[in-house]
Amino acid sequence: MKIAVYSLCRDRLSYSKIAFQSLREKAGVPFHHYVVDNGSQDGTVEWLEKEYKPMWLWPLDENMGISIASNLALRAIFASPEPPDLVLKIDNDCQCITPNILSA
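Scoring rules and cut-offs
- Position numbers for residues start from 1 in each chain and track the written sequence from start to end.
- Confidence filtering applies because this is a predicted model: local features only for residues at pLDDT of at least 70, side-chain atom pairs given and counted only at 80 or more, and all residues used for totals across whole chains, interfaces and linings.
- Think of the side-chain values as coming from all heavy atoms in the structure, minus any hydrogens and water.
- Salt bridge, as used here: a side-chain nitrogen of Lys or Arg that lies within 4 Å of a carboxyl oxygen of Asp or Glu.
- Strands here are runs of E lasting at least two residues and helices are runs of H or I lasting at least four, both read from the DSSP assignment and numbered beginning at the N terminus.
- Burial here depends on accessible area, computed with a 1.4 Å probe over protein chains only, as a share of the maximum for the residue type. Under 20% is buried, over 50% is exposed, and the range in between is partly exposed.
- In this analysis, strands are considered paired if DSSP registers two or more bridges between them.
- Axis angles are defined between N-to-C directions and span 0 to 180 degrees, where every axis is a line fitted to C-alpha atoms and, for a helix, only to the segment in contact.
- It only takes one pair of heavy atoms within 4.5 Å for two residues to be counted as in contact.

(A) Spotlight on the pattern of salt bridges. Considering all chains together, one arrives at 2 salt bridges under this definition. D93 is the salt-bridge partner of R12, the closest N and O atoms lying 3.7 Å from each other. Of the two residues, R12 is situated in the loop between β1 (3-9) and α1 (13-26) and D93 in the segment after β4 (86-89); the sequence distance between them amounts to 81 residues. The class of R12 is partly exposed, set by a relative accessible area of 36%. For D93, a relative accessible area of 40% translates into the label partly exposed. A salt bridge links D91 to K89; the shortest N-O distance between them is 2.2 Å. For D91, a relative accessible area of 33% gives the class partly exposed. The partly exposed category is assigned to K89, whose relative accessible area is 31%.

(B) View of the sheet that holds β1. Reading across the sheet, the 4 strands line up as β3-β2-β1-β4 and stay open at both edges, with parallel pairing between neighbours. Each end of this open sheet is capped by a strand with a single partner; those strands are β3 (56-60) and β4. Each strand axis lies, on average, 15 degrees off the axis of its neighbour in the sheet, ignoring direction. Relative to β3, strand β2 (residues 32-38) runs parallel, the two sharing 5 bridges. Within β3, the residue paired with D37 across the bridge is P59. Its contacts with the sheet place α1 against β1 and β2, and it is angled at close to 175 degrees to β1. Sheet contacts for helix α3 (residues 65-78): β1, β2, β3 and β4; angle to β1, the most-contacted strand, approximately 155 degrees.

Written out as structure tokens, the structure reads:
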């Protein structure tokens, strides 16, 4: 099963670190992570590019809102030659605590 996860960010780097690292640790299966950054000014984009390295990152110059950012991520996900079987949105202020959270 191919799984795509997408997340939206805007500042709150400390939350993003917890959310995305816990997702990676607890996923239990491979997944593609798509991240849209809504104009962060706190080093979020730099951390994503250098440390986390999501499969796909779209940094916006300004906050375009949840709808535009979500549509950008979903367009990228479904433009893939092999669309995913499952798409999940995980906010950047959540922490994954359940082991194997993405496994069936």
